[in-house]
Structures are given as C-alpha cells and as structure tokens.
Amino acid sequence: MKLWLAIPMLALLTAMQTSLAPSLDIGGARPQLVLVFVICWAVVRGEAEALPWAIFGGLLLDLLSSLPTGAHLVALCLVAFGADLGHRFLHGSNLLFAVVAVLLGSVAYGGLLLLLSGYAPHRDLATAALSHQVLPGAVYNLALMFPVLALLRAFDRRFPRPL
C-alpha cells in the first residue's frame, strides 16, 4: 500500500478504535478496526505486505492502550503473519478465505491480548472475557470485513502491486 495513504489511514483507524469504538459496544463486543484492516490487506495482497501495517498499527494501539506495552504489537503481528501464510498456501484471496481469516484472526487476537494482559491465571475471568467479548467481537469484525475488504480491493485495483 502506498505509504502516504496507509499511515494516515492506520492513524485514523487507531484513533477511531480507541475513541469511537467503545460507544459502538454491542453486548461487550467492540469493533477492532485496525485488526480488520490488517487481515483484509493480507487477504488482498498477501506476501507479507500486511506485516508492516500490523507493526505500525500495533505500535499506535499500544501507545493509546492500557494493556501491557507491546501486547497489541505482538498480537497483530502474529495474526498478520498467519493471514499472510494462509494467503500463500491458498494462492489467492477469495471471500471464504477472508471470512475464515477474520474469524480465526479475531479469536486469536483476542485470546493473545487476554494472555498478554495477565488474564490467563484467572480462568473464570478469561473464560468470561472470551465468551462475552472475544467471540462476539469476532462476529462484529466479520460484519466490518465486507466494506473494508471491498475498499481495499478497489484500492488494489487502482494501485496495483509494482512488478
């Protein structure tokens, strides 16, 4: 993605995720805009192109988050790596892959954040957070995936990968 567009876009998504997303809470689930962007970019382009945006988005989220430093960075990078790897093995970016990548990526991201934030020793709290926030959040992210994926595919057609 063009650097001049991706950096402001990720900054805007990060600001929206940390300020606007809490007001969009549905039953404990919140949209994870940066995560959806990174996964959708991995679906559209693959070939490790999502990893730099996972790093940048993770750093921005870590700056604005109360979680331990580096939690978002590590979780986003691992999810982006997995999505890029899936793109490589499936040789393309179809809608089914996008749906599976967003659902699995959202659950993995939420689980990693729970683990990195110290919920792991508190099984009851972790189970409650998983069932009331992470799993519904994955469905929320799936709903957000469709417009984000459409926009990123349009961007990819307008600015194709240099050969």
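All values derive from a computational prediction rather than experimental measurement.

What is the right way to look at the nonpolar core in this model?
General note: in soluble globular proteins, nonpolar side chains tend to be found buried as a group. Counting 38 residues, the largest nonpolar core has V38, L76, Y109 and M145 as its most contacted members. For this core, the elements supplying multiple residues, two or more each, are α1 (3–19), α2 (33–44), α3 (50–64), α4 (71–90), α5 (95–116) and α6 (123–158). Looking at this core, the element that brings in the most residues is α2, giving 12 residues. In contact with L76, not counting residues within four places along its chain, are V34, L35, V38, A54, G57, G58, L61 and Y109.

Hey, could you run me through the packing of α2 against α4 in this one?
Packed helix pairs are characterised by how far apart their axes lie and by the angle those axes make with each other. Axis separation between α2 and α4 bottoms out at 8 Å; the angle between their running directions is 25 degrees. In terms of axis orientation, α2 runs roughly parallel to α4. The handedness of the crossing between α2 and α4 comes out as right-handed. Contacts between α2 and α4 involve V34, L35, V38, I39, A42, V43 and V44 from the former and L76, V79, A80, A83, D84 and H87 from the latter. Split by residue class, the contact of α2 with α4 holds 11 nonpolar, 1 polar and 1 charged.

In this structure, what is going on with α5? I would like to understand it.
Residues lying three or four places apart along an α-helix face the same way, a consequence of the helix completing one turn every 3.6 residues. Taking 1.5 Å of rise per residue, 22 residues should cover 32 Å, and α5 covers 31 Å from first to last C-alpha, within 8% of that figure. Inspection of α5 places F97, A98, V99, A101, V102, G105, S106, Y109, G110, L113 and L114 among the buried residues, and these make up the whole buried set. A distance of 3.3 Å separates the backbone nitrogen of L96 from a side-chain oxygen at the start of α5, and that oxygen is part of N94.

Got a minute to help me understand the side chain of Q32 in this structure?
Along the chain, Q32 falls in the loop between α1 and α2. Given the relative accessible area of 17%, Q32 is considered buried. Of note is the side chain of Q32, whose polar atom sits 2.7 Å from the side chain of N141. Beyond its immediate chain neighbours, meaning those up to four positions away, Q32 contacts Q17, Y109 and N141.

Sorry, what's going on with the confidence of the model for the protein chain here?
Low pLDDT marks stretches whose predicted atomic positions should not be read closely. Chain-level statistics for the protein chain give a pLDDT mean of 85 and a share of 88% at 70 or above. Mean pLDDT across the elements of the protein chain ranges from a minimum in α6, with 83, to a maximum in α2, with 93.

Just to check I follow, could you spell out a nonpolar patch on the surface for this structure?
A contiguous nonpolar patch, built from V74, L78, L115 and L116 and spanning about 340 Å² of accessible area, is present on the exposed surface. When contributions to the nonpolar patch are tallied by element, the ones reaching two or more residues are α4 and α5. Within the secondary structure, L78 sits in helix α4.

Please clarify how the environment of T14 should be interpreted in this entry.
Here T14 lies in helix α1. The class of T14 is buried, set by a relative accessible area of 1%. Along the sequence, T14 and G58 sit 44 residues apart, while their C-alpha atoms lie 9.1 Å from each other. Non-local contacts of T14, meaning those with residues more than four positions away in its chain, are made with V34, G57, L60, L61 and L64.

Reading the values: rules and limits
- Each chain carries its own residue numbering, running from 1 in the direction its sequence is written.
- Note on the predicted model: pLDDT of at least 70 is required for a residue's local features to be given, and 80 or more for side-chain atom pairs to be given and counted; whole-chain, interface and lining totals, by contrast, use all residues.
- As a convention, hydrogens and water are excluded, and side-chain values are obtained from all of the structure's heavy atoms.
- What makes a nonpolar core is a set of buried Ala, Val, Leu, Ile, Met, Phe, Trp, Tyr and Cys residues whose side-chain atoms join them at distances within 4.5 Å.
- Working definition: with a 1.4 Å probe on protein chains only, accessible area under 20% of the residue-type maximum means buried, over 50% means exposed, and in between means partly exposed.
- Elements are defined by DSSP. Helices are runs of H or I of four residues or more, strands are runs of E of two residues or more, and each kind is numbered from the N terminus.
- By definition in these notes, contact holds between two residues if any of their heavy atoms fall within 4.5 Å.
- Only the stretch in contact is used when a helix axis is fitted, and all axes are lines through C-alpha atoms; the angle between N-to-C directions ranges over 0 to 180 degrees.
- By definition in this entry, angles of less than 35 degrees are roughly parallel, angles greater than 145 are roughly antiparallel, angles of 65 to 115 are roughly perpendicular, and the rest are oblique.
- Each crossing gets its hand from how the near helix is turned against the far one by less than a right angle, where anticlockwise is left-handed and clockwise is right-handed.
- Think of it as three bins: nonpolar holds Ala, Val, Leu, Ile, Met, Phe, Trp, Tyr, Cys and Pro, charged holds Asp, Glu, Lys and Arg, and polar takes everything else, Gly as well.
- The span you would expect from a helix comes to 1.5 Å times its residue count less one.
- Here a polar contact is taken to be a pair of N or O atoms separated by no more than 3.5 Å, where protein atoms must pair a possible hydrogen donor with a possible acceptor and residues adjacent in sequence count only if both atoms sit in side chains.
- Per residue, pLDDT captures the predictor's confidence, and it can take any value from 0 to 100.
- Like charges are joined within 9 Å and nonpolar side chains (Val, Leu, Ile, Met, Phe, Trp, Tyr) within 5 Å, but only among residues with over 30% relative accessible area and no salt bridge; these make up the patches.
- In these tables, accessible area is a Shrake-Rupley quantity obtained with a 1.4 Å probe, and a residue counts as shielded only by the protein chains included in the view.
- One side-chain nitrogen of Lys or Arg within 4 Å of one carboxyl oxygen of Asp or Glu is enough to make a salt bridge.

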